[in-house]
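Structure at a glance
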Amino acid sequence: GESVGLHLPTLSVQEGDNSIINCAYSNSASDYFIWYKQESGKGPQFIIDIRSNMDKRQGQRVTVLLNKTVKHLSLQIAATQPGDSAVYFCAEKGKGGSYIPTFGRGTSLIVHP
Amino acid sequence: SAVISQKPSRDICQRGTSLTIQCQVDSQVTMMFWYRQQPGQSLTLIATANQGSEATYESGFVIDKFPISRPNLTFSTLTVSNMSPEDSSIYLCSVEVAGRGYEQYFGPGTRLTVT
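Notes on the structure in this doc start here. Since this is a predicted model, take the numbers as computed values, not measurements. (Residues numbered from 1 in each chain as written. Chains lettered and ligands numbered in written order. Predicted model: local features only at pLDDT ≥ 70, side-chain atom pairs only at ≥ 80, totals over all residues. Heavy atoms only, no water.)

1. What about the overall build of chain B?
Counting secondary structure elements, chain B contains zero helices and 11 strands. Traced from its N-terminal end to its C-terminal end, chain B shows the element sequence β-β-β-β-β-β-β-β-β-β-β. Relative to the 2.2 N^0.38 estimate, which gives 13 Å for 115 residues, the radius of gyration of chain B is 13 Å and therefore close to what a compact globule would have. Projected onto the principal axes, the alpha-carbon positions of chain B cover approximately 40 × 30 × 25 Å. Expressed as a percentage of the 115 residues in chain B, the buried residues total 50%. Partitioning the contacts of chain B with sequence separation of at least 6, the portion at a separation of at least 24 is 53%. For chain B, the accessible surface area stands at approximately 5400 Å², while carbon and sulfur atoms represent 47% of it. (Helix = DSSP H or I, 4+ residues; strand = E, 2+ residues; numbered from the N terminus. Rg over C-alpha atoms; globule rule 2.2 N^0.38 Å. Buried < 20%, exposed > 50% of the residue type's maximum accessible area, 1.4 Å probe, protein only. Contact = heavy atoms within 4.5 Å. Areas by Shrake-Rupley, 256 points an atom, 1.4 Å probe, with all protein chains shown as cover.)

2. Topic: the state of the cysteines
Under the definition given, this model contains two disulfides over all chains. One disulfide in the model links A:Cys23 with A:Cys90; its S-S distance is 1.9 Å. Here the S-S torsion is close to 55 degrees, and the disulfide linking A:Cys23 with A:Cys90 is therefore right-handed. Residue A:Cys23 is located in strand β3 (residues 19-25), and its partner A:Cys90 is located in strand β9 (residues 86-94); the two are separated by 67 residues in the primary sequence. The pair A:Cys23 / A:Cys90 is uniform in exposure class, with both members buried. For B:Cys23, the disulfide goes to B:Cys93, at an S-S distance of 1.9 Å. Taking the torsion about the sulfur-sulfur bond, which here is approximately -65 degrees, the covalent link between B:Cys23 and B:Cys93 counts as left-handed. Placement of B:Cys23 in strand β3 (residues 19-25) and of B:Cys93 in strand β9 (residues 89-96) is noted, with a sequence separation of 70 residues between them. Here B:Cys23 matches B:Cys93 in class, with each residue buried. (Disulfide = S-S within 2.5 Å.)

3. What to know about the environment of B:Asn82
All names here are of chain B. Structurally, Asn-82 can be placed in the loop between β8 (75-80) and β9. Sequence separation of Asn-82 and Cys-23 is 59 residues, and the distance between their C-alpha atoms is 21 Å. In this structure Asn-82 touches Gly-16, Thr-17, Ser-18, Lys-65 and Asp-87, once residues within four positions along its chain are discounted.

4. Notes on the interface of chain A and chain B
Counting residues at the interface gives 17 residues for chain A, matched by 18 residues for chain B. Note on chain A versus chain B: buried area summed over both sides is about 1400 Å², and carbon and sulfur give 59% of it. For the pair chain A and chain B, the number of links is one salt bridge. Residue A:Lys93 is joined to B:Glu96 by a salt bridge in which the shortest nitrogen-to-oxygen separation is 2.8 Å. At the junction of chain A with chain B, the criterion picks out three residue pairs in polar contact (both at pLDDT 80 or more). Counting only elements with at least two residues in the side of chain A that touches chain B, the list comes to β4 (30-38), β5 (45-51) and β9 of chain A. The residue makeup of the side of chain A that touches chain B, split by class, is nine nonpolar, four polar and four charged. (Buried area = accessible area lost by both parts, 1.4 Å probe. Salt bridge = Lys/Arg side-chain N within 4 Å of Asp/Glu carboxyl O. Polar contact = N/O pair within 3.5 Å; in protein donor to acceptor, adjacent residues only side chain to side chain. Nonpolar A, V, L, I, M, F, W, Y, C, P; charged D, E, K, R; others polar.)

5. Regarding the side chain of A:Asn27
Residue and element names in this part refer to chain A. Counting through the fold element by element, Asn-27 comes out in the loop between β3 and β4. On the accessibility criterion, Asn-27 (19% relative accessible area) is buried. There is a polar contact of 2.9 Å between the side chain of Asn-27 and the backbone nitrogen of Ala-29.

6. Quick word on the nonpolar core
Ranked by internal contacts, the top residues of the largest apolar core, which has 28 residues, are B:Trp34 and B:Val95. In terms of residues, this core owes the most to one element, β3(B), which gives four residues. Grouped together as the second largest cluster of nonpolar side chains are 20 residues, A:Leu11, A:Val13, A:Phe33 and A:Trp35 included. (Core = buried A, V, L, I, M, F, W, Y, C linked by side-chain atoms within 4.5 Å.)

7. Some remarks on the environment of A:Thr80
All names here are of chain A. You can see Thr-80 is positioned in the loop between β8 (72-77) and β9. Thr-80 sits 43 residues away from Lys-37 along the chain, and the two C-alpha atoms are 14 Å apart. In terms of polar contacts, Thr-80 uses its side chain to reach the backbone carbonyl oxygen of Asp-17, at 2.7 Å.

Here you go:
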């Protein structure tokens, strides 16, 4: 079936570096994409979202880029901090009334001080 | 945002027993969901908890194994019945808040270990 997947299961960066977490999706009908952050022992936390009619959206220190041509989604974290260490999930919601997100595999981001 | 609490936060249970997990939200919400997350894995939707009617289950999940109640707009329970070690997982309650677009909020999860 359709799926959402991530290229890298683990990403290690130095504090202060910029981080880029990638996600590939296969459902071309998806019209809404979300990034979640899950810290150890906690539930996923909404970070940022983007609709399919946009290519880029910026938040505080985070930017999401959407490339519909290659069905690729990325999350960029600027000046990564130790508190950013977590597992990051991308998720998509499709058209046709599917309001329930499909979650990708997850990428573990490790920030070294 | 919505504040979601779950009880218990964790439990260790014997094979063949059942555990009921509670989810409480600090505001009325239309949509409530139950997810399962196995260690190191992504989230899998179990069912949508419908207020006043039977839950809607995803493929691979059945009511006899995972009965769900939702008596009002702020509370739901998930029961894991006749447990086996394969049911060891984190169970997460989630809500979608009306007026907040598609934003979905998650509870802290219940870590279940079945021995």
